[in-house]
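# Coordinates in review
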Amino acid sequence: MRKLFVLLMLFSLTISTAFSQSEVANDYSFFDLLEKEQIQNIEIFADLEELIVKKSRTETPARVFIRVDGKRQMLKANVNVRGKFRTRVCDFPPLKINFKKSSLQTLVGKPEFDKYKIVTHCLENKDEAIINLQKEAAVYKMYNEVTAYSYRVHEIKITYTDIHDPSWEITAPAIIIESNKQLEDRMNGEFVDTLGLTADQFDTESLENLMLFNYMIGNADWDIQVGRNVKMLWVEEQKLFVPVAYDFDFCSFVAPSYLRLFTSLGQKKWNDRIFVSPFNSEPTLNDNLMYFEELRPRFNSIIRSMDRIYESDMQRIRVFMNTFYNKHVDSLRSLEVFEERTQVLR
């Protein structure tokens, strides 16, 4: 009798655990799965000649393997090359992966979030690639601290294997960016492709936080007027647009070997900060500056967490960030930044 009771209890516990895991899985997207299960490796089998040699923007079939709870599971997808500048300069171009919803739903409960950008290692020099990716991921995480209207990222290692020649295999670090659809769902908004917006159509606090954050990290590679590296999220509840920034590799914080200076904006060296303003008006930054002062410990914590950075590069970043807080904040607060013509209107 006792043996039967024990068996019934074990069966009940198994069913309860399975039900609990199922409930959790139903709340997951593919990105959530990576984050919450702390998945550190995935495999992608695809036509590497199409992706690396031809840098094709046409979708090519791929199989993605992921290990969950000790089981290696396969997902069907299509993958293609994306991006502009990095596609030209990178040995391994950035990618976009589009999962088959029917395949995703066997693993997660939210298969509608099916398209993801992959920031690849770019350079053949894997040491530099690891460092650049960790710095860019840190910038995304710092922006997450500024606002929830921002893309979450997951750092991961990907093994790419050619479907025609399995001996052609590349293992490298990467960043997977949260899908557009999930950010829309999370923030109750909708991305809209639109140009010619005016200042009064934006949430002022979000816009000024974006301007200030890009100034802090030394990023002039964005432009609301032409939609470069910033997307417009329409938030119906507010009846306003919220700008969402992305693609931070050209900022002074990251400073990759292929960094391009914006000499047309007056940038002469890597640590020159340019205050880019999309509208011909002086923003009122006092509240934003106080907010950024409060965020400084969180920024520092993220910076300290970068464990693959050379000490010399870490020191460079510390000095660069300290310069913002110890010098540029006062300049911004008194609006001297405009008198010194370090503001660029575009």
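Residues numbered from 1 in each chain as written. Predicted model: local features only at pLDDT ≥ 70, side-chain atom pairs only at ≥ 80, totals over all residues. Heavy atoms only, no water.

## What about the side chain of N288?
Its place among the elements puts N288 in helix α9 (residues 286–304). For N288, a relative accessible area of 6% puts it in the buried group. (Helix = DSSP H or I, 4+ residues; strand = E, 2+ residues; numbered from the N terminus. Buried < 20%, exposed > 50% of the residue type's maximum accessible area, 1.4 Å probe, protein only.)

## Thoughts on the sheet that holds strand β2 (residues 60–68)
Taken in spatial order, the seven strands line up as β1-β2-β3-β4-β5-β7-β6 and close into a barrel, and their pairing is mixed. For this sheet, the mean inter-axis angle between neighbouring strands, taken without regard to orientation, is 40°. Of the pairings in the sheet, the one linking strand β3 (residues 71–81) to strand β4 (residues 95–99) comprises five bridges and is antiparallel in character. Following the sheet pairing, N78 is matched in β4 by N98. (Pairing = 2+ DSSP bridges. Axes fitted to C-alpha atoms, helices over the stretch in contact; angles between N-to-C directions.)

## Considerations on α9
Look at α9: 27 Å from first C-alpha to last across 19 residues, which is about the 27 Å you get at 1.5 Å a residue. For α9, the principal kink sits at L295 and spans about 45°; a proline, P297, occurs within the next four residues. The complete set of buried residues in α9 reads N288, L289, F292, L295, F299, I302 and I303. Packing partners of the buried residues in α9 comprise α6 (126–146), α8 (204–217) and α10 (311–333). (Expected span 1.5 Å × (residues − 1). Bend = angle between axes of the 7 residues up to and from the residue. Contact = heavy atoms within 4.5 Å.)

## Things to note about the packing of aromatic side chains
Applying the stated criterion across every chain yields a total of 21 aromatic pairs. Ring geometry for Y151 and F191: centres 6.2 Å apart, planes at 15°, overall stacked. Of this pair, Y151 sits in the loop between α6 and β6 (153–162) while F191 sits in strand β8 (residues 190–191), placing them 40 residues apart in sequence. Considered together, Y151 and F191 belong to a single accessibility category, that of buried residues. When the centroid spacing of 5.0 Å and the interplanar angle of 85° are considered together, the rings of F324 and Y325 count as edge-to-face. According to the relative accessible area criterion, Y325 is buried, its value standing at 6%. Here the aromatic residues Y140, Y143, F213 and F248 are joined through ring pairs into a cluster of three or more. In this structure, R72 packs its charged tip against the face of F65, placed 3.9 Å from the ring centre. Above the ring of F191, the side-chain terminus of K231 is found at 5.2 Å from the ring centroid. (Phe/Tyr/Trp six-rings, centres within 6.5 Å; stacked < 30°, edge-to-face > 60°. Lys NZ or Arg CZ within 6 Å of the ring centre and 35° of its normal.)

## What to know about the environment of K231
Within the secondary structure layout, K231 lies in strand β9 (residues 230–235). With residues up to four places along the chain from it excluded, the contact list for K231 reads Y151, N180, F191, V242, P243, V244 and Y246.

## Considerations on the packing of α6 against α10
Viewed as axis vectors pointing N to C, α6 and α10 meet at an angle of 30°, and their least axial separation amounts to 13 Å. Judged by the inter-axis angle, α6 sits roughly parallel to α10. When the axes of α6 and α10 are compared, the crossing they make is right-handed. Taking contact as the criterion, the partners of I131, K135 and M142 in α6 are, on α10, D313, R316, I317 and M321. Tallied by class, the residues present in the contact of α6 with α10 amount to four nonpolar, no polar and three charged. (Parallel < 35°, antiparallel > 145°, perpendicular 65-115°, else oblique. Left-handed = near helix turned anticlockwise from the far one by under 90°. Nonpolar A, V, L, I, M, F, W, Y, C, P; charged D, E, K, R; others polar.)

## So, the state of the cysteines
The bond known as a disulfide is covalent and runs between the sulfur atoms of two cysteines. Overall, the coordinates contain one disulfide when judged by the stated rule. What pairs with C90 in a disulfide is C122, and their sulfur atoms sit 2.0 Å apart. Taking the torsion about the S-S bond as the criterion, the C90 to C122 disulfide, at about -90°, is left-handed. With a gap of 32 residues between them, C90 in the loop between α4 (85–89) and β4 and C122 in the loop between β5 (115–119) and α6 connect regions that are remote in the sequence. Take C90: its relative accessible area is 3%, and that puts it in the buried class. (Disulfide = S-S within 2.5 Å.)

## Considering the sheet that holds strand β10 (residues 240–245)
Ordered by their spatial adjacency, three strands build an open sheet running β8-β9-β10, and the pairing between neighbours is antiparallel. The open sheet has two edge strands with one neighbour each: β8 and β10. As paired elements, β9 and β10 share six bridges and run antiparallel to each other. In the strand pairing of β10, K231 is matched with V244. Against the sheet, α8 engages β9 and β10, with an angle of about 20° to β10.

So yeah, pure geometry; function would need other evidence.
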